[in-house]
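Overview (structure and organization)
Listed below, chain by chain, are the residues.
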Amino acid sequence: MKILNFGSLNIDHVYAVEHFAAPGETVSVRSYQKNPGGKGLNQSVALARAGAPVCHAGGIGEDGRHLAALLSAEGVDVTHLVVTDEPTGHAVIQVAPDGQNCILVCAGANGAIPEGYMRSVLSCFGEGDWLLLQNEVAGLSTLLTLAKERGMRVILNPSPITEALLAADLSAVDCFLFNETEGFALTGEREPSAMLNALAERYPRAEIVLTLGADGAFWQADGERTYCPACPVDAVDTTAAGDTFTGYFLAARAEGASPADALSLAARAAAIAVTRPGTAESVPYRHEVG
Ligand code: ADP
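Let us look at the structure shown here. Positions within a chain are numbered from 1, following the residues in the order the chain's sequence is written. Reporting of local features is limited, given that this is a predicted model, to residues whose pLDDT is at least 70; pairs of side-chain atoms are given and counted only at 80 or more, and all residues count toward the totals for whole chains, interfaces and linings. Side-chain metrics in this entry use all non-hydrogen atoms of the structure; hydrogen atoms and water are not considered.

1. Quick look at the side chain of asparagine 10
What counts is decided by this rule: Helix numbering and strand numbering both begin at the N terminus, where a helix is a DSSP run of H or I of at least 4 residues and a strand a DSSP run of E of at least 2. For every residue, the accessible area obtained with a 1.4 Å probe (protein chains only) is divided by the maximum for its type, and the residue is called buried under 20%, exposed over 50%, and partly exposed between those limits. Pairs of N or O atoms within 3.5 Å make up the polar contacts considered here, provided that, within protein, one atom can donate a hydrogen while the other can accept it, and that residues adjacent in sequence are counted only when both atoms are side-chain atoms. We call two residues in contact when some of their heavy atoms are within 4.5 Å.
Locating asparagine 10 in the fold gives a position in strand 2 (residues 10-16). By relative accessible area, asparagine 10 is classed as buried at 6%. A distance of 2.8 Å separates polar atoms of two side chains, one belonging to asparagine 10 and the other to asparagine 110. For asparagine 10, the contacting residues outside a window of four places in its chain are Asn35, Pro36, Gly37, Gly38, Leu67, Gly89, His90 and Asn110.

Written out as structure tokens, the structure reads:
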């Protein structure tokens, strides 16, 4: 059984600034960092560090070859990555002294994935394999259709929420993982149990995982619901919390763990991630999670 993560790979340019640039203004930066990013990349790192067999598909430009090398060094199979004529997807992130940020995202190669490439990648997978998707690459609906044709189990982290995503037919999804903000956008409900009820009605076949930050997480399927509290820690940077949780939850489920055990492992891993600065690099290795 293999997990195919068809997802984004980004280069994050992070600028520490005194204040965000206003129209017509030029702002000098205090410091600059270039980091690997993209929800796809982060979740592949989390799956690999959790010990799952993961293959990452998606597009990069010539300027993104180091991202492929990084994933490969983590143990992710990158043989299906495609190098396109587009530049690698990137984000320009201003960070103010109070930690607030202001982000520009350029999809680049993530938005230029040809259908023929999707077909050829998915032809290498079949019954029993899992397809993990987020909403940062083009062609989500095509990928859903192709995965179902091949009998794959489809897992969707509907992030970021866009008009196109809300309009898409998601009935092929077998498992959704999302946070409170995404749950509100999907259902119009603010209360976790109302969100879960609304999604159970809309997607009765699907397994649902709803994460609530420091308030823990729920799992729901077939009329059953399980809650797992978050581990109390002093958080310093929560950027990779959801991606760490997703990678560890899926790795545990792929090993046959119960939903309650998978939630617990994911909560412990995400709690470690939030005590460390950074994104992909803050994801713990399995031996650290215990
Ligand atoms: P996202 O990063 O997608 O917004 P959440 O903020 O819901 O996701 O966090 C995902 C999971 O990470 C939570 O269910 C929890 O287990 C863990 N987590 C997040 N924030 C904290 C925190 N401050 N302390 C402990 N665990 C946390």
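2. Let's talk about the environment of tyrosine 285
Relative to the elements of secondary structure, tyrosine 285 occurs in the loop between helix 9 (259-274) and helix 10 (286-289). Sequence separation between tyrosine 285 and arginine 49 is 236 residues; the distance between their C-alpha atoms is 4.7 Å. Setting aside its immediate chain neighbours within four residues, tyrosine 285 contacts Arg49, Glu74 and Tyr248. A polar side-chain atom of tyrosine 285 sits 3.2 Å from a polar atom in the side chain of arginine 49.

3. Structural notes on the pattern of salt bridges
Two side chains carrying opposite charge are able to pair once their charged atoms lie near each other. Operational definition: We define a salt bridge as a contact between a side-chain nitrogen of Lys or Arg and a carboxyl oxygen of Asp or Glu at a distance within 4 Å.
Enumeration over the complete set of coordinates arrives at eleven salt bridges. With its nearest N and O atoms 3.1 Å apart, the salt bridge here joins glutamate 255 to arginine 286. Note that glutamate 255 is positioned in the loop between helix 8 (241-254) and helix 9 and arginine 286 in helix 10, a separation of 31 residues in sequence. Among the ionic pairs, glutamate 288 bridges to arginine 276, the shortest N-O distance being 2.4 Å. One end of the pair, glutamate 288, is in helix 10; the other, arginine 276, is in the loop between helix 9 and helix 10, with twelve residues separating them in the sequence. Its relative accessible area of 23% is what places arginine 276 among the partly exposed residues. Taken together, the salt bridges that share partners define one network made up of Lys148, Asp174 and Arg205.

4. Looking at the packing of aromatic side chains
The criterion, for reference: Only Phe, Tyr and Trp rings take part, Trp by its six-membered ring, and two of them pair if their centres are within 6.5 Å. Stacked means planes under 30 degrees apart, edge-to-face means over 60, and tilted covers everything else. The rule is short: NZ of Lys or CZ of Arg within 6 Å of the ring centre and within 35 degrees of the ring normal puts a charge over the ring.
Within the structure shown, the criterion is met by four aromatic pairs. With centroids separated by 5.0 Å and ring planes inclined at 50 degrees, the aromatic side chains of phenylalanine 218 and tyrosine 227 adopt a geometry described as tilted. Judged by relative accessible area, which is 17%, phenylalanine 218 ranks as buried. Residue tyrosine 227 is classed as partly exposed on the basis of its relative accessible area of 41%. The residue whose ring lies beneath lysine 2 is phenylalanine 125, and the NZ or CZ to ring-centre distance is 4.7 Å.

Treat this as a map of the structure, not an account of what it does.
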